[in-house]
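# Topology and contacts: notes
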Amino acid sequence: MKVDRIKGFRDQYPEDMEPRKKMFSKAETTAELFGFGKIDYPSLEYLDLYRIKSGDELLSQTFSFTDRGGREVTMLPEATPSTVRLLTARKDIPRPVRWYSLPKIWRYEEPQSGRLREHFQFNADIFGVDTPEADAEIINLAGSILSNLGLKSAFEIHINDRVMMDGILKILEIENTERVFTIIDRFRKTSREEFLTLLKENGVSGKGADILLKIVDSPFEIQDLKSKISEINGKSGVLNDRIERLSKTCEIVRSYGSARIVVDFSVIRGISYYTGIVFEAFDSMGQFRSILGGGRYDNLARLMSNQDIPAVGFGMGDVVLELLMKREQVWADNRKESSYAICSMGNTGKYSTEVARKLRENGIVCIDELSSRGLSQQIRSAESQGYRYVLIIGEREKERGTVTLRDLQESSQSEKDLDDLIRNAKKYQEF
RNA sequence: GCCGGGGUGGGGUAGUGGGCAUCCUUGGGGACUGUGGAUCCCCGGACCCGGGUUCAAUUCCCGGUCCCGGCCCCA
């Protein structure tokens, strides 16, 4: 009998969940502050939902099975199709629609750094507006979440525009667009020589390959965009519209101030359904894979329902984010540092129960002594469980209606009025 | 699906072709009855699984599995 944890899945203990809860609640609170509403959907969908826009490659990486009713179903491999299904199922929702969700998603692939077979993915989308303002808003939300997690200086947003890339390839007379996109997408993993060779093998001229290498090579500031591609854009200026739009998006993000943003022509986001900007957030040391990614996808609703609904959104998994938060030392369980362990002695049972009730009524976390050990063992136990504060309650305190507060970290101690303690203690919501 | 490196109690380790295995830590219990968050005592707990070689395998070989990392892919 196999009873172990399944490969690529995680068990979560309280010390894991505490910082994870904080991560999620920061993301959700930030989305709420932007006026986004939370949605949810089943963890199981018809496999057909993903056949609409995906190839066999995706289908081979799903947890799929035939259920007892003969239906081909699959555990959610991504959030967007379900989100769009919820939207197209209702035609009465006023636009723009701002939605977020936090599902678990699954994919059957080999686990490695930053990738597991099951993870949480925070998603946010804006439907119904096709403007650079909407593009910027979704990036601002993404940036604000990361900033609110204490990662302000630890990441940057890399942005690109698929339409502009299409235009560039067209000007360079490159026909094999999909294949060349894939090569560009893998640029950061290949050497320059390899990159040039691959391009030439796929029908790109020597000059075209050189130009591509030049623009893809490293991210740059938005104000340099025009000069960076002047050689391609030339006098015709066919790319001017896209340059202007991308500039506007970046300017809004920049003035909002939640994230540093750079243009990165190597950000392509696979061979998916994007129809405008695409973006990813990377840790600024370049140590991990992308923290989050998204873009504009104006055609998906039509593919699913024959409705034209412009859309822009992003998804953010919890795995890479956890790695980054640990590196930046903002992945911590602070809860016990501001909660109380009650140590009671003698015939004070009723009084210490009353103290516990009053603390909890005031939103203060405390644990009661459940056994009848000596004081030293109670203190030892509280210390080993990570509690910073101990409330000693004995006959003396009972008589005076006080508690003795011992700070295990400072090794200091004083007798406190209960009301006084309640006033100065940290409430659960403030952790 | 493919490639590389690993696998000794919950965590970290020592060690060996031959007495069911070292130490630290953690966990449980006790002494201890208002500060011992100490100290002392006791206890529990491991060689990933299967096959092979061998008189004998935790140790050597093969396969699997899981973990770590990489590729493919990234929806």
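What counts as what
- As a convention, each chain's residues are numbered from 1 in the sequence order in which they are written.
- For naming, the first written chain is A and the first written ligand is 1, with later ones following in the order written.
- Given that this is a predicted model, residues contribute local features only at a pLDDT of at least 70 and side-chain atom pairs are listed and counted only at 80 or more, while totals for whole chains, interfaces and linings are drawn from all residues.
- Remark: hydrogens and water are excluded; side-chain values derive from all non-hydrogen atoms of the structure.
- Note on definitions. A residue lies near a molecule or strand when any single heavy atom of the residue is within 4 Å of it.
- Here a polar contact is recorded for every N or O atom pair within 3.5 Å, except that within protein the pair must consist of a potential hydrogen donor and a potential acceptor, and residues adjacent in sequence are included only if both atoms are side-chain atoms.
- Only DSSP runs of H or I reaching four residues or more are called helices, and only runs of E reaching two or more are called strands; each is numbered from the N terminus.
- Think of it as three bins: nonpolar holds Ala, Val, Leu, Ile, Met, Phe, Trp, Tyr, Cys and Pro, charged holds Asp, Glu, Lys and Arg, and polar takes everything else, Gly as well.
- Note on geometry: axes are lines fitted to C-alpha atoms, helical ones only across the stretch in contact, with angles between N-to-C directions running from 0 to 180 degrees.
- Orientation categories follow fixed angle ranges, with anything under 35 degrees roughly parallel, anything over 145 roughly antiparallel, 65 to 115 roughly perpendicular, and all other angles oblique.
- Put simply, a crossing is left-handed when the front helix is turned counterclockwise from the back one by less than a right angle, and right-handed when it is turned clockwise.
- What makes two residues a contact is simply this: any of their non-hydrogen atoms within 4.5 Å.
- What counts as a domain boundary in this text is fixed by an automatic or database domain assignment.
- Two rings from Phe, Tyr or Trp (for Trp, the six-membered ring) form a pair when their centres sit within 6.5 Å of each other. Planes less than 30 degrees apart are called stacked, planes more than 60 degrees apart edge-to-face, and all others tilted.
- The buried label goes to any residue with under 20% of its type's maximum accessible area, the exposed label to any with over 50%, and the partly exposed label to all in between, with areas taken from a 1.4 Å probe on protein chains only.
- Only Lys NZ and Arg CZ are tested; either one counts as a charge over a ring when it is within 6 Å of the ring centre and within 35 degrees of the ring normal.
- Pairs of strands are assigned from DSSP output, requiring at least two bridges between the strands.
- For this quantity, the arc is that covered by the directions from the helix axis to the C-beta atoms.
- Note on definitions: salt bridges are taken to be side-chain nitrogens of Lys or Arg within 4 Å of carboxyl oxygens of Asp or Glu.
- The criterion is simple. A nonpolar core is a set of buried Ala, Val, Leu, Ile, Met, Phe, Trp, Tyr and Cys residues joined through side-chain atoms within 4.5 Å.
- Criterion for a disulfide: a pair of cysteine sulfur atoms at a distance within 2.5 Å.
- One less than the number of residues in a helix, times 1.5 Å, gives the span that helix is expected to have.
- Patch definition: residues with relative accessible area over 30% and no salt bridge; like charges joined within 9 Å; nonpolar side chains (Val, Leu, Ile, Met, Phe, Trp, Tyr) joined within 5 Å.
- Every accessible area reported is derived by Shrake-Rupley at a probe size of 1.4 Å, with residue values counting cover from the shown protein chains alone.
- When charges are counted, neither His nor the chain ends are considered; positive counts come from Lys and Arg and negative counts from Asp and Glu.
- Throughout, a charge is located at the NZ atom of Lys, the CZ atom of Arg, the CG atom of Asp or the CD atom of Glu.

On to the protein's contact with RNA strand B, then. Inspection of the region around RNA strand B gives 37 residues, with Leu58, Glu78, Arg115, Ser376 and Leu408 positioned closest. One of the backbone nitrogen or oxygen atoms of Leu408 is found 2.4 Å away from a base nitrogen of RNA strand B. For the surface near RNA strand B, the elements supplying multiple residues, two or more each, are helix H3 (56-59), helix H16 (375-384), helix H17 (395-400) and strand E16 (402-407). Looking at the surface near RNA strand B, the element that brings in the most residues is H16, giving six residues. Here the residues of the surface near RNA strand B sort into eight nonpolar, eleven polar and 18 charged.

Glancing now at the packing of helix H6 (residues 162-171) against helix H7 (residues 177-185). Contact pair H6 / H7: the axes reach a minimum separation of 11 Å and the direction vectors enclose 115°. Taken together, the axis directions place H6 and H7 in an arrangement best described as roughly perpendicular. In terms of crossing hand, the pair formed by H6 and H7 is right-handed. Residues Arg162, Met165, Asp166 and Leu169 of H6 form the contact with H7, whose own contacting residues are Thr177, Val180, Phe181 and Ile184. When grouped by side-chain class, the residues that make up the contact of H6 with H7 number five nonpolar, one polar and two charged.

Note on interface size: it is often stated as the accessible area lost on association of the parts. Structurally, chain A comprises domain 1 (14-327) and domain 2 (335-430). For domain 1 versus domain 2, the separation of C-alpha centres amounts to 49 Å.

For the structure shown, the criterion picks out 13 aromatic pairs. Seen in terms of ring centroids, Phe122 and Phe314 are 6.1 Å apart; in terms of plane orientation they differ by 40°. Their pairing is tilted. Of this pair, Phe122 sits in strand E7 (residues 118-127) while Phe314 sits in strand E12 (residues 311-317), and the two are 192 residues apart along the sequence. Relative to Tyr389, the ring of Tyr340 lies with its centre 5.2 Å away and its plane at 20°, an arrangement referred to as stacked. Here Tyr340, found in strand E13 (residues 340-344), pairs with Tyr389, found in strand E15 (residues 389-393); they are 49 residues apart in sequence, far enough to count as distant. A single burial state applies to Tyr340 and to Tyr389, both of which are buried. Site record: aromatic cluster; members linked through ring pairs are Trp99, Phe127, Tyr273, Tyr274 and Tyr297. Positioned over the ring face of Tyr108 is Arg117, at 4.0 Å from the centre of the ring.

Our focus in this paragraph is the sheet that holds strand E3 (residues 64-66). Two pairing modes exist for strands in a sheet, parallel and antiparallel, and in both the strands are linked by backbone hydrogen bonds. Read from one edge to the other, the open sheet built from three strands follows the order E2-E4-E3, with strand pairing classed as antiparallel. The two strands at the open ends of the sheet, each matched to only one other strand, are strand E2 (44-46) and E3. Each strand axis lies, on average, 35° off the axis of its neighbour in the sheet, ignoring direction. Direction of pairing for E3 relative to strand E4 (residues 72-75): antiparallel, over a ladder of three bridges.

Among the residues of H16, Gln378, Ile379, Ser381 and Ala382 are the ones counted as buried. Buried residues in H16, looked at end-on, bunch into an arc of 160°, giving them a common side. For H16, exposure combined with an orientation more than 90 degrees from the buried face picks out Ser376, Arg380, Glu383 and Ser384. The secondary structure elements touched by the buried residues of H16 are E13 and E15. Directly after H16, the chain includes Gly386, whose backbone phi takes a positive value near 100°.

Take the pattern of salt bridges next. Once their charged atoms are close, side chains differing in charge can pair, the charge on each being opposite to the other. Scanning all chains against the criterion turns up 42 salt bridges. The closest approach of N and O atoms between Glu221 and Arg260, which form a salt bridge, is 3.0 Å. Here Arg260 lies in the loop between helix H12 (240-256) and strand E9 (261-263) and Glu221 lies in the loop between helix H9 (206-216) and helix H10 (225-228), a separation of 39 residues in the sequence. Take Glu221: its relative accessible area is 23%, and that puts it in the partly exposed class. Connected through salt bridges with shared partners, the residues Arg10, Arg20, Asp318, Glu322 and Lys326 form a single ionic network.

Core analysis: the biggest nonpolar cluster contains 77 residues, and Phe122, Ile168, Leu212, Ile229, Phe265 and Phe314 have the highest contact counts within it. With ten residues, helix H5 (residues 132-151) is the largest single contributor of residues to this core. If near-sequence neighbours (up to four positions away) are discounted, Ile229 is found in contact with Met164, Ile168, Ile215, Leu239, Ile243 and Phe265. Counting 26 residues, the second largest nonpolar core, distinct from the first, contains Ile105, Phe127, Tyr274 and Ala311.

Think of a disulfide as a covalent bridge from one cysteine sulfur atom to another cysteine sulfur atom. Within this structure, the stated rule accounts for zero disulfides. Free of any disulfide, Cys343 has its nearest cysteine sulfur in Cys366, 12 Å distant. Residue Cys343 is classed as buried on the basis of its relative accessible area, which comes to 1%. Classification of Cys366 as buried rests on a relative accessible area of 7%.

Under the 1.5 Å per step criterion, the end-to-end length of helix H1 (residues 14-33) is 28 Å for 20 residues, consistent within 8% with the ideal 28 Å. Listing the buried residues of H1 in full gives Glu18, Pro19, Arg20, Met23, Phe24, Ala27, Glu28, Thr30 and Ala31. On its buried face, H1 is in contact with strand E1 (37-38), strand E5 (97-101), E7, H5 and helix H14 (318-327). Positive phi shows up at Gly35, right after H1, with a value of about 80°.

Take a positive patch on the surface next. The grouping of Arg179, Arg186, Lys189 and Arg289 at the surface amounts to a positive patch. Looking at where Arg186 falls in the secondary structure, it is placed in the loop between H7 and helix H8 (192-201). Note on Arg186: relative accessible area 39%, which makes it partly exposed.

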